[in-house]
Amino acid sequence: MPAETQTPALRTRLLVAVLGPLLAAAILIGVVGATLIADVVRRTNDRVLGGALGAIAETVQVERGEVTLDLPSAAFGMLENTERDNVYYRVAVGPDLLTGYADLPAPDPATLSIDVPRYRFARYRGQQIRIAEVRRSLPRIDKPVIVQIAETLDNRGALTRRLMLALLIGECVLVGAAALLLRPALGWSLRPLARLRGAIEARDERARPDFSPLDTGPLPRELRPLAGAFDRLLAQLDTATVGVRRFTADASHQMRTPLSVLKVQVALARRGSDAERRDALDEIADAVTRLERLVTQLLALARAEEAGVSAPLEAVDLHEVAAAVITRRINQAIEAGVDLTLDSEDDARHIVSGHRTLIFEILSNLIDNGIRYNAVGGTVSVKLVTSASDTAVVVADDGPGIPPACRDTVFDRFVRLGGVASPEGSGLGLAIVRSAAARLNATIGFGDIERGTTLILRFPRVPSE
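Residues numbered from 1 in each chain as written. Predicted model: local features only at pLDDT ≥ 70, side-chain atom pairs only at ≥ 80, totals over all residues. Heavy atoms only, no water.

This next bit is on the overall build of the protein. For the protein, the helix and strand inventory stands at ten helices and 14 strands. When contacts within the protein are restricted to residue pairs at least 6 apart in sequence, those whose partners lie at least 24 apart make up 64%. (Helix = DSSP H or I, 4+ residues; strand = E, 2+ residues; numbered from the N terminus. Contact = heavy atoms within 4.5 Å.)

Once that is clear, we can look at the pairing of strand β3 (residues 87-93). Across the seven residues that make up β3, a large majority, six, are buried. In the sheet, β3 pairs with strand β7 (residues 145-152) via seven bridges, with the strands oriented antiparallel. Following the sheet pairing, Tyr89 is matched in β7 by Ile149. Counting the residues that bridge the hairpin from β3 to strand β4 (residues 96-100) gives two residues, and of these Gly94 lies at a positive phi of roughly 65°. (Buried < 20%, exposed > 50% of the residue type's maximum accessible area, 1.4 Å probe, protein only. Pairing = 2+ DSSP bridges.)

Read from one edge of the open sheet, five strands run β9-β11-β12-β14-β13, paired in mixed fashion. Every other strand in the sheet has two partners, leaving β9 (339-343) and β13 (443-446) as the edge strands with one partner each. Shown here is a sheet whose adjacent strand axes are inclined to one another by a mean of 15°, direction ignored. One ladder, built from eight bridges, connects strand β12 (residues 390-397) with strand β14 (residues 453-460); its direction is antiparallel. Note that in β14 the partner of Ala392 across the bridge is Arg458. Strands β9, β11 (379-386), β12 and β14 of the sheet are contacted by helix α8 (residues 318-336), whose axis makes an angle of about 170° with β9. (Axes fitted to C-alpha atoms, helices over the stretch in contact; angles between N-to-C directions.)

With that settled, the discussion passes to the pairing of β11. If a strand is regular, its side chains alternate between the two faces of the sheet. Relative to β11, β9 runs parallel, the two being bridged by five bridges. Counterpart to Thr341 in the pairing with β11 is Ser381. Here β11 runs beside β12; their pairing, made up of seven bridges, is antiparallel. Following the sheet pairing, Val382 is matched in β12 by Val395. Linking β11 back to β12 in an antiparallel pair, the connection comprises three residues.

The interhelical angle for the contact between α8 and helix α9 (residues 356-372), taken along N-to-C directions, is 30°, at an axis separation of 9 Å. Here α8 lies roughly parallel to α9, going by the angle between them. Considering how the two elements wind past one another, α8 and α9 form a crossing that is right-handed. Contacts between α8 and α9 involve Leu318, Glu320, Val321, Ala322, Ala324, Val325, Ile326, Arg328, Arg329, Gln332, Ala333 and Ala336 from the former and Arg356, Ile359, Phe360, Leu363, Ser364, Ile367, Asp368, Ile371 and Arg372 from the latter. (Parallel < 35°, antiparallel > 145°, perpendicular 65-115°, else oblique. Left-handed = near helix turned anticlockwise from the far one by under 90°.)

Right, let's get into helix α5 (residues 191-201). When we look at burial in α5, the residues that qualify are Pro192, Leu196 and Ala199. On an axial view of α5, the arc spanned by its buried residues comes to 60°, and they lie on one face. (Arc of directions from axis to C-beta.)

Next up on the list: the side chain of Asp390. Mapped onto the secondary structure, Asp390 falls in strand β12. Here the side chain of Asp390 touches Arg458 through a polar contact of 3.5 Å, side chain to side chain. If near-sequence neighbours (up to four positions away) are discounted, Asp390 is found in contact with Val385, Arg458, Phe459, Pro460 and Arg461. (Polar contact = N/O pair within 3.5 Å; in protein donor to acceptor, adjacent residues only side chain to side chain.)

Along the chain, Arg329 turns up in helix α8. Under the relative-accessibility criterion, Arg329 is labelled buried at 19%. When residues no more than four places from it in sequence are discounted, the contact partners of Arg329 are Leu340, Ser364, Ile367, Asp368 and Ile371.

So, about a nonpolar patch on the surface. A cluster of nonpolar side chains, namely Leu165, Leu168, Ile169 and Val173, defines an oily patch on the protein surface of about 380 Å² accessible area. With respect to the helices, strands and loops of the structure, Val173 is situated in helix α4 (residues 154-189). In this structure Val173 comes out as exposed when scored by relative accessible area, which is 54%. (Patch = residues over 30% accessible without salt bridge, like charges linked within 9 Å, V, L, I, M, F, W, Y side chains within 5 Å. Areas by Shrake-Rupley, 256 points an atom, 1.4 Å probe, with all protein chains shown as cover. Salt bridge = Lys/Arg side-chain N within 4 Å of Asp/Glu carboxyl O.)

Okay, the pattern of salt bridges next. Per the counting criterion, the structure on display carries 15 salt bridges. With a closest N to O distance of 3.4 Å, Lys143 and Asp96 form a salt bridge. Separated by 47 residues along the polypeptide, Lys143 in the loop between β6 (127-136) and β7 and Asp96 in strand β4 bring together distant segments of the chain. Looking at Asp96, the relative accessible area reads 43%, which means it is partly exposed. Here the salt bridges do not stand alone but share partners, grouping Asp39, Arg42, Arg43, Asp46, Arg130, Glu151 and Arg156 into one network.

One finds Ile359 and Leu457 to be the most contacted residues of the largest nonpolar core, which totals 37 residues. When residues of this core are traced back to their parent elements, those giving at least two are α8, α9, β11, β12, α10 (429-439), β13 and β14. Of the residues forming this core, the biggest block, eight residues, is contributed by α9. Among residues more than four places away in sequence, those in contact with Leu457 are Ile362, Leu363, Thr391, Ala392, Val393, Ala437, Ala442, Thr443 and Ile444. Counting residues in hydrophobic clusters, the runner-up holds 21 residues, among them Ile56, Val60, Val67 and Ile149. (Core = buried A, V, L, I, M, F, W, Y, C linked by side-chain atoms within 4.5 Å.)

Take α4 next. With 36 residues, α4 should reach 52 Å at 1.5 Å per residue; the first-to-last C-alpha distance of 51 Å fits that figure. Of all the bends in α4, the largest measures some 30° and sits at Leu182, one to four residues before the proline Pro184. The set of residues buried in α4 consists of Asn155, Arg156, Gly157, Ala158, Glu171, Val175, Ala178, Leu182 and Leu186. Here the buried face of α4 lies against α2 (10-57), β6 and β7. (Expected span 1.5 Å × (residues − 1). Bend = angle between axes of the 7 residues up to and from the residue.)

Below, the structure written as structure tokens:
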């Protein structure tokens, strides 16, 4: 894919991340090192130049009122070097030259302190030179005595270049060695990631999906969250897969009966008499109705149990939803001979936080169970109650009821009570109710009555605005 070809490898990214700052540090060290080298070379050579200046200045004396000078050969010997720099000197009493090079750039005596050497760069005979100069005050001499000594800069430049070259070579060796050693070091550092990848890829070689936790051995601290997140994802996939398998197995088991009835009745209709065909068609219609109800409830259960992020909760009026459900079920109640009522306080607002579709599905299944498992002349009542802590929907019927010993299992899939004499059903209604209620942060439970069944659906109270 184009996005993959444009994305650099992790190893390359790490190399750049490490070598980039290393190169920047090398450049910074080079700039700082060059400054320090220039300063050290200048100070070292100035110290030698100053020593030669002091040796000459010490020989300046006054004899019989005249300034005399005895130039020491050692002063000039200090300045000898392999680059054979030119050395110049000048000794003057006021404006009068005593000895040396008359055209050597002279300082302003007023800017010099007595017996304090000063150093400066100047241009002389087409070359850059470094001058050391000092002002002396001699007894019985009114004019200032200026002593100067200078040298060209060839030796300083050569020494600076040698030191800079050594610094550059050292930095290149350091960066080059780091670049060579980083790649195997990164390979060693990324080995746990390769082990993690190998553990994941090994799952592809197995015929049956394996959702057990990865066996990667000890992992670095940075990779543990990744491995933990992947193990949690595997656990979720395992749960989802087990649910799908169980759902598929249960659904196929429940659908097998109506499909078998359809197959048998179609065969009878093909070779039977007209009366037998009519009876077979009636059985086929009943089987289709049961199959349609089963498929509808299976889809409702799948919606109620679907994983993933739910849509944001919204304010739902329970009175409006309950009235809509009763309108939908009123014909079923009339055909069954059951009274269906809604009891709600006119001045109370029964607003909850949820999804209207799921609440409709819950109430529809509760009312359907109340009608189907009731007797002719029975009653199914829906009552809305709002208290300080919650809002409840109470669905009560006066049918045969559910024994207390069975109340823990009736919310499971395909659990039906009453045996053969009980009305046709799939055993999914209360399973749908429980799954949908869980998604709405609601609870479903039984009420305590002596006759019939009372189921109470409770929603957390929505704070009033």
